Amino acid sequence: MKKKSSVFVLLLVVSMMFLVVGCGGQTNSTNAKPTEPTTLRLATTTSTQDSGLLDYLLPVFEKKYNVKVEVLAQGTGQAIETASRGDADVILVHAKKAEEKFVAEGHGIKRYDVMYNDFVIVGPKNDPDQIKGKSVVDAFKALTKGKAPFVSRGDDSGTNKKELDIWKKLGITPKGDWYQAVGKGMGDTLTMTSEEQGYTLTDRATYSFMKDKLNLEILVEGDKDLLNPYGVIAVNPDKHPGVNYKDAQKFIDFILSKEGQQLIKDYKVNGNQLFFTYDK
């Protein structure tokens, strides 16, 4: 009888040990807190946001690396200025000369080609200045007729820089009632152009994304001077201590990876690819 009691006690103790271990494991699993995501500040041109690309691309990156991306969508000039103050961790913009200057001045580590599309000139269907099918240079000359307004972004963006470069090439300083510099992003500028039935220079991606809401047509396209390359640059932590360089590099590695490049190629609106990658 004594032997049976001892066996019973032993079994009871073992059972309680398993129960404690089991409960302990369950408690640890249940109470384990997920790691809070880090924050990455991305200063970028409005076209990457207005085209819908960021809404498509960033959730994949955020989930993969447990990073929350804070998007600062501005004109390229403003985005570079923001990063030059150390108020961004990485930039994704489209004004190569300005980007190279940003790196040369020590604000950025290195510029990488990410993707490209092109600029187009859009305007009303009746095309009062008769620019349809012309070269970009001849089209800009014709726009000075002023039969319809030309709406310029006027915001030091990559698009605005491209426009001003074309005027400069022609030796023309645009001014007068026909020329309106509005200081707006691409989406707002396209909306205003449509309302006024004027002309504007736009990146193809934003126009394609908004096309169904606009009363505008592409009138000039395909000119070699209208190529629109995008670059990505991490802000230099030696120049700007406190920037999140670790996650900035993760973002660069991701967007240049096969996965990131494929996502860019796969992004389409109404069946049209908006951005193209530099296939090796």
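Residues numbered from 1 in each chain as written. Predicted model: local features only at pLDDT ≥ 70, side-chain atom pairs only at ≥ 80, totals over all residues. Heavy atoms only, no water.

Caption draft 1: Looking closely at the packing of helix H4 (residues 76-84) against helix H5 (residues 96-104). It is at 11 Å that the axes of H4 and H5 come closest, and there the two elements cross at 5 degrees. Between H4 and H5, the angle is such that the two are roughly parallel. Only Ala98, Glu99 and Phe102 of H5 make contact with H4, whose side of the interface consists of Ile80, Ala83 and Ser84. (Axes fitted to C-alpha atoms, helices over the stretch in contact; angles between N-to-C directions. Helix = DSSP H or I, 4+ residues; strand = E, 2+ residues; numbered from the N terminus. Parallel < 35°, antiparallel > 145°, perpendicular 65-115°, else oblique. Contact = heavy atoms within 4.5 Å.)

Caption draft 2: Quick look at the environment of Gly123. By secondary structure assignment, the location of Gly123 is in strand E4 (residues 108-123). Residue classification places Gly123 among the buried positions, given a relative accessible area of 0%. With sequence-adjacent residues up to four places away left out, Gly123 is seen in contact with Gly198, Tyr199, Leu216, Glu217 and Leu219. (Buried < 20%, exposed > 50% of the residue type's maximum accessible area, 1.4 Å probe, protein only.)

Caption draft 3: Broad picture of the side chain of Ser194. With respect to the helices, strands and loops of the structure, Ser194 is situated in helix H8 (residues 186-196). You can call Ser194 buried: its relative accessible area is 12%. Those residues in contact with Ser194 that sit more than four places away from it in its chain are Leu214, Asn215 and Leu216.

Caption draft 4: Structural detail: the environment of Thr200. Mapping Thr200 onto the fold places it in strand E7 (residues 200-203). Classification of Thr200 as buried rests on a relative accessible area of 1%. Considered as a pair, Thr200 and Arg153 are 47 residues apart in the sequence and their alpha carbons are 8.3 Å apart. Setting aside chain neighbours within four positions, we find Thr200 in contact with Val120, Ile121, Val122, Phe150, Val151, Met186, Thr189, Leu190 and Thr193. Polar contacts involving the side chain of Thr200 include one to the main-chain carbonyl oxygen of Val151, which spans 2.5 Å. (Polar contact = N/O pair within 3.5 Å; in protein donor to acceptor, adjacent residues only side chain to side chain.)

Caption draft 5: Molecular detail of the environment of Lys96. Considering the arrangement of structural elements, one finds Lys96 in helix H5. Expressed as a C-alpha distance, the spacing of Lys96 and Tyr230, which sit 134 residues apart in the sequence, is 7.6 Å.

Caption draft 6: Seen up close, the nonpolar core. In terms of nonpolar packing, the biggest core is built from 28 residues, with Leu40, Val90, Val232, Phe251, Ile255 and Phe275 touching the most fellow members. Of all elements in the fold, only strand E1 (38-45), helix H3 (53-65), strand E2 (67-74), strand E3 (90-93), E4, strand E9 (227-235), helix H10 (245-256) and helix H11 (258-266) reach the threshold of two or more residues within this core. Discounting chain neighbours no more than four positions away, the residues touching Ile255 are Leu57, Leu92, Val114, Val232, Gly260, Gln261 and Ile264. (Core = buried A, V, L, I, M, F, W, Y, C linked by side-chain atoms within 4.5 Å.)

Caption draft 7: Quick peek at the packing of aromatic side chains. For the structure shown, the criterion picks out 15 aromatic pairs. Ring centres 6.5 Å apart and planes at 80 degrees place the aromatic pair Tyr65 and Phe254 in the edge-to-face group. Of this pair, Tyr65 sits in helix H3 while Phe254 sits in helix H10; the two residues are 189 residues apart in sequence, bridging distant segments of the chain. Owing to a relative accessible area of 28%, Tyr65 belongs among the partly exposed residues under this scheme. (Phe/Tyr/Trp six-rings, centres within 6.5 Å; stacked < 30°, edge-to-face > 60°.)

Caption draft 8: Up close: the pattern of salt bridges. Taken as a whole, this structure holds 13 salt bridges when the rule is applied. For Arg41, the salt bridge goes to Asp89, with nearest N and O atoms at 2.9 Å. Pair noted here: Arg41 is in strand E1 and Asp89 is in the loop between H4 and E3, with a separation of 48 residues, a long-range link. According to the relative accessible area criterion, Arg41 is partly exposed, its value standing at 21%. (Salt bridge = Lys/Arg side-chain N within 4 Å of Asp/Glu carboxyl O.)

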